[in-house]
Amino acid sequence: MISFDFNNQFAWRINILFAFFLLLAALLLYRFADLQIIEGAKDSRGDASLFENSEWRRAEIFLQDHSGETTPLAVNKDFFTVYVEPARIKNKEDVAKSLSEILQIPYEKVLERASKENDPYEMIAKKISDQAAGKIRALKLSGVGVQSEKGRYYPHGRMASHVSGFLGIRGKERVGQYGLEGFYDGALASDKVEKILLSLDPNIQFKIEELLVKAGDQWKADMGSVIVMEPKTGRILGMANFPDFDPNSYASVEDISVFNNLSISGQFELGSVFKPITMAIGLDNGAVTPKTTYEDQGFIAVDDRIIRNWDRKPHGKSNMTDVLKNSLNAGIVFVQQKIPKEVFSSYIKNFGFGDKLGVDLAGEVSGNISNLKDGKGRNVDFANISFGQGISVTPLQMLTAISAIGNDGLLARPRLVDKIFFTDGSVDEIKTEVKRSVISEKTSETLTKMMVEAMENHSKIRNVKYFIAGKTGTAEIPDRSENGYSEDMIHSVVGYAPAYNPRFAILVKIDRPQGVEFAAYSVIPVFYEIMNYLLTYYETPPDF
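Residues numbered from 1 in each chain as written. Predicted model: local features only at pLDDT ≥ 70, side-chain atom pairs only at ≥ 80, totals over all residues. Heavy atoms only, no water.

## Topic: the overall build of the chain
For the chain, the helix and strand inventory stands at 19 helices and 20 strands. Its C-alpha radius of gyration of 32 Å places the chain more than 25% over the 24 Å reference for a compact globule of 544 residues. Per-residue burial for the chain yields a buried fraction of 51% across its 544 residues. Taking the intrachain contacts of the chain between residues at least 6 apart in sequence as the baseline, contacts between residues at least 24 apart amount to 72%. (Helix = DSSP H or I, 4+ residues; strand = E, 2+ residues; numbered from the N terminus. Rg over C-alpha atoms; globule rule 2.2 N^0.38 Å. Buried < 20%, exposed > 50% of the residue type's maximum accessible area, 1.4 Å probe, protein only. Contact = heavy atoms within 4.5 Å.)

## A short note on the sheet that holds strand β19 (residues 484-497)
Pairing within the open sheet is antiparallel, and its 5 strands lie in the order β9-β8-β20-β19-β18. The sheet is open, and its two edges are formed by β9 (236-242) and β18 (469-479), each paired on a single side. Each adjacent strand pair in this sheet contributes to an overall mean axis angle of 10°, direction not counted. Bridge count for β19 against strand β20 (residues 504-511) is 8 bridges, and the pairing is antiparallel. Note that in β20 the partner of alanine 497 across the bridge is phenylalanine 504. The sheet contacts of helix α16 (residues 441-454) involve β18 and β19, and relative to β18 the element is tilted by about 75°. (Pairing = 2+ DSSP bridges. Axes fitted to C-alpha atoms, helices over the stretch in contact; angles between N-to-C directions.)

## Focus on the packing of helix α8 (residues 202-218) against helix α19 (residues 524-537)
As a packed pair, α8 and α19 sit with axes 10 Å apart at the nearest point and diverge in direction by 165°. Compared by their axis directions, α8 and α19 come out roughly antiparallel. As for the relative orientation of α8 and α19, their crossing is right-handed in sense. Contact residues: α8 offers Asn203, Ile204, Lys207, Ile208, Leu211 and Ala215, while α19 offers Val526, Glu529, Ile530, Tyr533, Leu534 and Tyr537. Looking at the contact of α8 with α19 residue by residue, the classes come out as 9 nonpolar, 1 polar and 2 charged. (Parallel < 35°, antiparallel > 145°, perpendicular 65-115°, else oblique. Left-handed = near helix turned anticlockwise from the far one by under 90°. Nonpolar A, V, L, I, M, F, W, Y, C, P; charged D, E, K, R; others polar.)

## Here we look at the side chain of aspartate 418
Relative to the helices and strands, aspartate 418 resides in strand β15 (residues 417-422). Residue classification places aspartate 418 among the buried residues on the basis of a relative accessible area of 11%. Only 2.8 Å separates the side chain of aspartate 418 from the side chain of glutamine 64, close enough to count as a polar contact. With sequence-adjacent residues up to four places away left out, aspartate 418 is seen in contact with Gln64, Leu197, Leu198, Ser199, Arg235, Asp428, Glu429 and Ile430. (Polar contact = N/O pair within 3.5 Å; in protein donor to acceptor, adjacent residues only side chain to side chain.)

## Quick look at the packing of aromatic side chains
Considering all chains together, one arrives at 19 aromatic pairs under this definition. Taking the centre distance of 5.0 Å and the plane angle of 70° together, the rings of phenylalanine 183 and tyrosine 184 count as edge-to-face. On the basis of an interplanar angle of 80° and a centroid distance of 5.5 Å, the ring pair of phenylalanine 527 and tyrosine 528 is categorised as edge-to-face. Residue phenylalanine 527 is classed as buried on the basis of its relative accessible area, which comes to 0%. Tyrosine 528 gets classed as buried once you look at its relative accessible area, which sits at 1%. Through a chain of ring-to-ring contacts, the aromatic side chains of Phe166, Tyr178, Phe245, Tyr250 and Phe259 assemble into a single cluster. Just above the ring of phenylalanine 421 sits the side chain of lysine 195; from NZ or CZ to the centre is 4.7 Å. In this structure, lysine 341 is placed above the aromatic ring of phenylalanine 382, and the distance from its NZ or CZ to the ring centre is 5.3 Å. (Phe/Tyr/Trp six-rings, centres within 6.5 Å; stacked < 30°, edge-to-face > 60°. Lys NZ or Arg CZ within 6 Å of the ring centre and 35° of its normal.)

## Brief notes about the confidence of the model for the chain
Regions with low pLDDT carry predicted coordinates that are not meant to be interpreted in detail. Of all residues in the chain, 90% have pLDDT values of 70 or greater, and the mean over the chain is 91. Ignoring residues within four places in sequence, the model shows residues 1-12, a span with pLDDT below 50, making 1 contact including any to other chains. Between residues 27-52, whose pLDDT stays under 50, and residues either more than four places distant or in other chains, the model counts 30 contacts. (pLDDT = per-residue confidence, 0-100.)

## Brief notes about the environment of isoleucine 169
By secondary structure assignment, the location of isoleucine 169 is in strand β5 (residues 166-170). Assessed through its relative accessible area of 44%, isoleucine 169 is described here as partly exposed. Measuring from C-alpha to C-alpha, the distance between isoleucine 169 and alanine 251 comes to 9.9 Å, with 82 residues separating the pair along the chain.

## A few points about the pairing of strand β2 (residues 70-84)
Looking down a regular strand, the side chains alternate between one sheet face and the other. Strand direction decides the pairing type here: strand β1 (residues 60-64) and β2, joined by 4 bridges, are antiparallel. Following the sheet pairing, isoleucine 61 is matched in β2 by alanine 74. The turn joining β1 and β2, which pair antiparallel and follow one another in sequence, is formed by 5 residues; a positive phi near 95° is taken by glycine 68. Where β2 and strand β4 (residues 144-153) come together, 10 bridges link them in antiparallel fashion. Residue pairing in the sheet places valine 75 in a bridge with tyrosine 153 of β4. Across 4 bridges, β2 lies against strand β3 (residues 122-128) in antiparallel orientation. Across the sheet, residue tyrosine 83 finds its bridge partner in β3, namely methionine 123.

## What about helix α12 (residues 329-337)?
Along α12, 8 of the 9 residues are buried, which leaves the element largely enclosed by surrounding structure. All of the buried residues along α12 are Asn329, Ala330, Gly331, Ile332, Val333, Phe334, Val335 and Gln336.

## Considerations on helix α14 (residues 379-386)
Counting buried residues along α14, 7 of its 8 residues qualify, which places the element largely inside the surrounding structure. Burial in α14 covers these residues: Val380, Asp381, Phe382, Ala383, Asn384, Ile385 and Ser386. On its buried face, α14 is in contact with α10 (275-285), β11 (299-302), β12 (305-308), α12 and α13 (341-350).

In structure tokens, the structure reads:
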């Protein structure tokens with residue numbers, strides 16, 4: 001008779017079951033650890049997506065042309081990353097050959113990464129095309145993966161890069177940096193905003209960038225800026241700087257100062273383009289009239305300093321229009337000395353210098369008017385400021401101030417956004433904001449006539465059929481180490497047209513041009529080509 005020990009059989013079965021679950025737990029633990037290692041490798045390399053949320057979105061940015069047709073400046077797009085898991089690849093040579101051919105990457109580079117047996121993850125290429133991603137997926141290669149990630153894309157590359165800025169990374173967060181991306185980061189990241197529409201015209205932007213780069217190359221300049229604005233509204237139609245960058249590959253930029261928008265963050269002593277500001281103050285204050293005369297000796301003494309004309313020549317009896325037309329330093333100091341220093345200082349602040357204008361771009365600076373000392377500065381500092389030395393301004397400040405002269409003395413806040421579209425269907429239209437009146441309408445009209453005469457010869461040479469008001473400047477660049485000025489120059493011109501009902505105001509500036517002495521030969525041709533383009537593009541009737 002066979003005896004049956006129930007207790008022993010039960011214990012044996014329990015042990016078997018316990019061993020089974022123990023083995024299962026070990027396998028699960030191993031798989032979990034393996035996944036953690038792989039994901040950790042992805043994160044530590046910064047090659048895999050840090051953003052797995054397929055619902056990620058950001059409001060898009062659009063340009064618009066004269067007819068109202070829109071063009072994308074910054075949009076959202078699916079990007080693809082190709083990676084390999086070396087341990088899972090069966091035939092490394094075949095995989096390397098296939099990926100090399102599709103991605104146009106050296107075979108040896110792919111093979112090296114695919115052969116790292118101890119490395120659970122190796123990134124092969126990022127931001128590959130949709131077509132390339134499709135081909136790789138179709139091959140179904142063991143150990144090869146294609147990962148999708150939503151990101152920011154700038155269809156026009158370098159165009160308007162200082163306006164757009166870019167979407168960067170701070171820690172593990174995507175953050176708008178510089179330009180519109182930085183200024184409107186909160187709104188763009190909000191689920192309430194669908195898109196924003198700019199005043200920037202892609203046709204104008206392309207034109208000014210083309211001409212600016214051409215001038216920069218021709219004169220071997222270090223940097224430059226062009227801004228196009230509507231004087232009456234402050235709407236910016238174009239803003240270009242060089243050097244520039246491609247926001248799609250901002251991480252490859254070695255010198256991050258390139259990200260700075262020189263139109264709003266660069267501070268420059270722009271020289272004689274500032275003379276209309278001093279003249280505006282003198283006219284508005286009643287210190288001078290266009291017919292006021294003085295005897296120009298080619299220089300003027302200010303305390304223990306001698307300030308000379310740019311050509312170091314006397315011009316004899318000269319009126320105030322002559323001062324602008326011939327760009328006489330002695331003459332503009334003559335005007336400044338007739339204005340109480342406190343009054344002169346107050347006007348300059350009202351024109352927007354020494355303070356941020358409030359343009360909707362990240363990185364705007366205030367400039368430097370500290371030499372005024374609230375009207376208590378030295379006489380020689382006030383004299384220098386009258387012709388644009390000893391005062392640092394941004395190009396946008398300079399253009400905005402000159403635009404106010406053409407806009408009946410009204411200073412409009414410059415802006416780039418026309419409309420903000422919300423996801424609920426509502427639209428916020430940005431209105432023109434007149435910050436203040438800086439001079440009277442009468443002064444505006446009088447000074448405009450004087451500035452037209454100042455540009456008359458340039459306009460006649462180019463057979464222009466419009467009255468154009470403006471002023472050129474050829475300014476010495478400060479040498480801080482020597483507490484003086486270097487031999488390097490900034491060439492600039494600023495103006496508006498049609499002068500008596502202005503639609504456009506333009507500033508052109510290049511720094512350290514080589515082989516050319518005066519702005520009349522370097523930036524004036526660019527200015528007139530842009531102005532002619534604008535007046536034709538907008539079908540503006542000629543003045544004569």
